[in-house]
Amino acid sequence: MLQLLHIENIAVIEQADIELEDGLTVLSGETGAGKSIVIDSIGAVLGRRVSRDLVRTGAQKGFVSAVFTGLSPALRGLLDELALTGEEPDTLHIQRQLTADGKSTCRVNMKPVAAAVLRQLAPYLIDIHGQNDGQKLLDEQYHIDYLDGYAGNGALLEQYRPRYQALLALRREITALETGEQERLQRIDMLTFHKEEIEQAALRPDEEETLAQRKAYFDHAGKIAGALEQARLALNGDDDAGGACALLDQAAGALAGLREVSEAFDGLAEQAEEVRLLAADLRDSVSGRSDTLDFSPAEREWVEQRLDLIYRLKQKYGGTAAEVLAYRDRIAAELETLQDSDNRREGLRAQYKEELAEAKALAAQLSEARRAAAKRLEAEIVRELAALDMEKVKLRIAVHTGAKLSAHGFDTVTFEISVNPGEPEKLLSRVASGGELSRIMLALKNVLTAGEDVGMLIFDEIDTGVSGHAAQQIAYKLSDIGRQKQTLCVTHLPQIAAMGDHHLLISKSVRGERSYTDVQPMDEPSRAREIARMLSGETITELSLQNARELLQKAAEYQRG
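In this report, the structure presented in the accompanying data block is examined. Values in this document were obtained by computation on a predicted structure and should not be read as measured data.

### Here's the deal with the overall build of the protein
When its secondary structure is counted, the protein shows 20 helices and 15 strands. Dimensions of the protein, computed from C-alpha atoms along their principal axes, come out at roughly 155 × 65 × 45 Å. Considering the protein as a whole, with its 561 residues, one finds that 42% of them fall into the buried category. Look at the contacts in the protein between residues 6 or more apart in sequence, and 71% of them connect residues 24 or more apart. Element-wise, carbon and sulfur atoms account for 49% of the exposed surface of the protein, whose accessible area totals about 29800 Å². Charged side chains in the protein number 66 positive and 91 negative. The centres of these two groups are separated by 8 Å.

If you want it as structure tokens, here you go:
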């Protein structure tokens, strides 16, 4: 149960501490006093999305905290699993801080968590029936969810839905393969041409640099030959004059003869001999290079053609030879995939067939479970509605089973109702009035939550469109629910307000040009005045006070049984 709710700087609530007890607690107050802010604050600690506008104007941050006690075994197990159990295993503290820039921080038992964790805990804590739930009841697409919740089909749906999503993915893939056949063939032709062109070129990653050097050699053939010839003449000489080698031979011979005269010339003689030998080696090298010069026009043409081929391939497939080869590898892999699409398609079809069979088997189980649960749910809702002054109502929960699978299986579900004797059942959206819809929603909520682990129920203005005897019957039903689970009800009806085991007044005042909302528990005299206000409006008369006291007395008699 929710034991304590602390609200700070949330909308017009500067600060409020709300202590809650077992049974039925009613919240009342003038329209606009801030009742919805209390519900929004509770929603915040349950991990619901909140607007930055929820933070009080002028404040940097808002804060909501809640203390829950009497935790269910399932909730305690979940807290253990999430490593969030507090010092007191049967107590849960939740805090959520909201900032003016839209950010929020959450804590569970003083440990920081994401808002998603609060949403994970919420089903075990509080079930809020808001004003929009009645509209959901009018929308046939939600009817199957109500029936599945009652039937306990959650585990079956967890098995079925992934298979259904897998079927959709397989169908898309098969369709893409089938509808893209012409494009596939065209791409195979194009990629095959690219691959063959690159492979026929027989590229090597380092080939271009070698070819470029060879081309430069051919481009400077004249210069090379001329320089070698000039060097040869300088070293060897010609018929008219001796070259450098002959002169060095003479110099070395002259100096060698001086060694017999004096050892002082040994160094010069050795140096001259060394230079003579170096010159002779240079002469032989120049001569050898000149003899091996190869300026083949055929080779030159081949080199230029090869470089031109590499250039064209780079222009088409990549900036370097290595990139061209990498492109070849990529398209080879793609070609393999494209050329294997026939096998791929057949494999997908076989897989689709298997998945379809399993999905249909699960969908059939869902249909069977829904048909069985529909009759039981019909009976329970009719019994609840009879207690809500709708004893003549007839309800049919129709399970329509088709042949085509959807996210829910084979079925669609509609709630059909007849509120007048002799009239056939028609879609809920075409028959029910606002007051009838509120009672149907209350009956449905009471049935659906009876076996759930949720610790508290909140009804936010369940009395919309209801008055008179029907309002009194709703009040009785809320009191009965309060005996089973802690219940909080926001109401404008005096009959419901009188039935509360506890009564909180939401009031708004202006102090210093700022609006403030206060939440105060009421004793019997103040409850009588509040109920009198709900009966007669702003002017409270002695007669309205007397009627209020009679309502409170009647409620007390009903509660005593």
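### Observations concerning the sheet that holds strand β10 (residues 409-418)
On the basis of which strands lie adjacent, the open sheet formed by three strands has the order β9-β10-β11 and antiparallel pairing. Two strands close off the open sheet at either side, each with one partner strand: β9 (394-406) and β11 (426-427). Its contacts with the sheet put helix α5 (residues 143-151) on β9 and β10, and the angle it makes with β10 is roughly 100 degrees.

### A look at unusual backbone geometry
One can expect most non-glycine residues to show negative phi and most peptide bonds to be in trans. If you check the backbone angles, alanine 11 has positive phi at about 55 degrees while not being a glycine. Inspection of the secondary structure puts alanine 11 in the loop between β1 (2-10) and β2 (13-19). For alanine 11, a relative accessible area of 22% puts it in the partly exposed group. Residues other than glycine seldom take positive phi values, yet asparagine 109 does so here, at roughly 50 degrees. Locating asparagine 109 in the fold gives a position in the loop between β6 (104-108) and β7 (111-113). The exposure class of asparagine 109 is buried, given its relative accessible area of 9%.

### Points about the packing of aromatic side chains
Any aromatic ring pair is given by two values, namely how distant the centres are and how the planes are angled relative to each other. Per the counting criterion, the structure on display carries four aromatic pairs. Taking 5.2 Å as the distance between ring centres and 10 degrees as the angle between the ring planes, the aromatic pair formed by tyrosine 317 and tyrosine 327 counts as stacked. You can see tyrosine 317 sitting in helix α12 (residues 297-317) and its partner tyrosine 327 sitting in helix α13 (residues 321-339), a full 10 residues away along the chain. We classify tyrosine 327 as buried; its relative accessible area is 15%. One residue, arginine 56, lies across the ring of tyrosine 516, its end atom 4.6 Å from the ring centre. One residue, arginine 171, lies across the ring of tyrosine 352, its end atom 5.5 Å from the ring centre.

### Side note on the sheet that holds strand β13 (residues 486-490)
As summarised here, the arrangement of the six strands in space is β8-β12-β13-β3-β14-β15, forming an open sheet in which the pairing is mixed. Edge positions in the open sheet fall to β8 (126-129) and β15 (514-521), since each of these has one partner strand only. Strand-to-strand twist across the sheet, computed as the mean angle between neighbouring axes with direction ignored, equals 15 degrees. For strand β14 (residues 502-511) and β15, the ladder comprises eight bridges, and the chain directions are antiparallel. When the sheet's bridge partners are listed, serine 507 is paired in β15 with aspartate 518.

The rules behind these values
- Residues numbered from 1 in each chain as written.
- Predicted model: local features only at pLDDT ≥ 70, side-chain atom pairs only at ≥ 80, totals over all residues.
- Heavy atoms only, no water.
- Helix = DSSP H or I, 4+ residues; strand = E, 2+ residues; numbered from the N terminus.
- Buried < 20%, exposed > 50% of the residue type's maximum accessible area, 1.4 Å probe, protein only.
- Contact = heavy atoms within 4.5 Å.
- Areas by Shrake-Rupley, 256 points an atom, 1.4 Å probe, with all protein chains shown as cover.
- Lys, Arg positive; Asp, Glu negative; His and termini not counted.
- Charge placed at Lys NZ, Arg CZ, Asp CG, Glu CD.
- Pairing = 2+ DSSP bridges.
- Axes fitted to C-alpha atoms, helices over the stretch in contact; angles between N-to-C directions.
- Phe/Tyr/Trp six-rings, centres within 6.5 Å; stacked < 30°, edge-to-face > 60°.
- Lys NZ or Arg CZ within 6 Å of the ring centre and 35° of its normal.

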